[in-house]
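Chains, contacts and geometry: an overview
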Amino acid sequence: MTKNSYTFVSDKIASAFEWVDFKETVEWCKDNIYLSSEASPYTGMMSFERTPWIEEILRDWDKKWIEEHDFMASTQVGKTTIEFCCIAKELDTDPTMMQLSIPNDKDVSDYIKKKVDPFLRGVKSLQEKLIERKDETSQRLKNATKEVAGGTLFITGNTPSARASNTIRCFFGDEVSLYESGDVSEFRERTKSFELIGRKIMLVSSRRFAGDEIELAYDAAYCKKELQIQCKGCKE
């Protein structure tokens, strides 16, 4: 090994151990996420001017003592965007094992193509970190993983194998009101190894019927918030 290459490798190793000041998720999103027309009806750098409730939830995500976040809301208010913001921030600043689950396993490929990929393409700080794998396994999985050094996001449907196969620190459940009773509890079990060292769970969904998975999770929460935003038009 030449002196020059040794110095280069040493610098790369040293940079991996450099102290990086913590940046709140809200500020990180504003600095790093560009929303294209594929990802959002509002294009440009991430802003919370029209969606202050998203900012409120992201600030709660940073609170280490809050282990689970259950967001029950109407349709088209940015529930999935909230999950994607948290996922992207974790991949970029605190890589770990994570899982994002949607109700139907058959929809995973389209979900990644139409939602996950357009969003992640707009995260500038992730572009050089995401590892592209074109091996046989990745093709078989329909590229249903997003990997960076030190962390992996598994994107799955809500199937028995998905609820039993991965040990993860963070779990994100999308539209969990479509899950069968008890499915969320099985996903929670996958995070148990990290119970004392910072596990995070986020469930988002519209409520579909009394006693569905999102309502049960919301009702079980020890702290509840109701976010009411004044309409700029009618002022109600």
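Look a little higher up for the structure.
Overview of the structure. Here the structure is a predicted model, which is why all the values come from computation and not from measurement.

Concerning the nonpolar core
- One finds Ile33, Leu58, Leu100, Phe119 and Phe172 to be the most contacted residues of the largest nonpolar core, which totals 41 residues.
- Elements supplying a minimum of two residues to this core: α2 (25-32), α3 (52-61), α4 (79-93), β4 (97-102), α5 (108-121), β6 (151-157), β7 (170-174) and β8 (200-205).
- The biggest single contributor to this core is α4, with seven residues.

What about empty space enclosed by the protein?
- If you walk through the whole model with that rule in mind, you get one cavity of 30 Å³ or more.
- If you go around the largest cavity, the residues you meet are Phe84, Ile87, Val116, Phe119, Leu120 and Leu153.
- Counting residues per element, the ones that place at least two in the lining of the largest cavity are α4 and α5.
- The residue makeup of the lining of the largest cavity, split by class, is six nonpolar, no polar and no charged.

Observations concerning the environment of Asp92
- Positionally, Asp92 belongs in helix α4.
- Taking relative accessible area as the criterion, Asp92 reaches 13% and is therefore assigned buried.
- Separated by 38 residues in sequence, Asp92 and Leu130 have C-alpha atoms that sit 9.2 Å apart.
- Those residues in contact with Asp92, other than ones at most four positions away along the chain, are Trp28, Ser125, Leu126 and Lys129.

How each quantity is defined
Within each chain, residue numbers correspond to sequence positions counted from 1 in written order. For this predicted model, a pLDDT threshold of at least 70 governs which residues receive local features, and a threshold of 80 or more governs which side-chain atom pairs are given and counted, while totals over whole chains, interfaces and linings are taken from all residues. To get the side-chain values, take all heavy atoms of the structure and skip hydrogens and water. Definition of nonpolar core: a set of buried residues of the types Ala, Val, Leu, Ile, Met, Phe, Trp, Tyr and Cys, connected through side-chain atoms within 4.5 Å. Each residue is assigned to one of three classes by its accessible area relative to the maximum for its type, calculated with a 1.4 Å probe on protein chains only: buried under 20%, partly exposed between the two thresholds, exposed over 50%. Think of it this way: any DSSP run of H or I at least four residues long counts as a helix, any run of E at least two long counts as a strand, and we number them from the N terminus. The method works on a 1 Å grid over the protein atoms by themselves. A cavity is a set of points holding a 1.4 Å probe that cannot get out, a pocket is an open set with protein on both sides within 12 Å along at least five of seven lines, and residues with an atom within 4 Å of a point line them. Grid points are joined across faces, edges and corners, and a volume is the space filled by probe spheres set on the points. For this classification, the nonpolar set comprises Ala, Val, Leu, Ile, Met, Phe, Trp, Tyr, Cys and Pro, the charged set comprises Asp, Glu, Lys and Arg, and every other residue, Gly included, is treated as polar. Should any heavy atoms of two residues lie within 4.5 Å, those residues are counted as being in contact.

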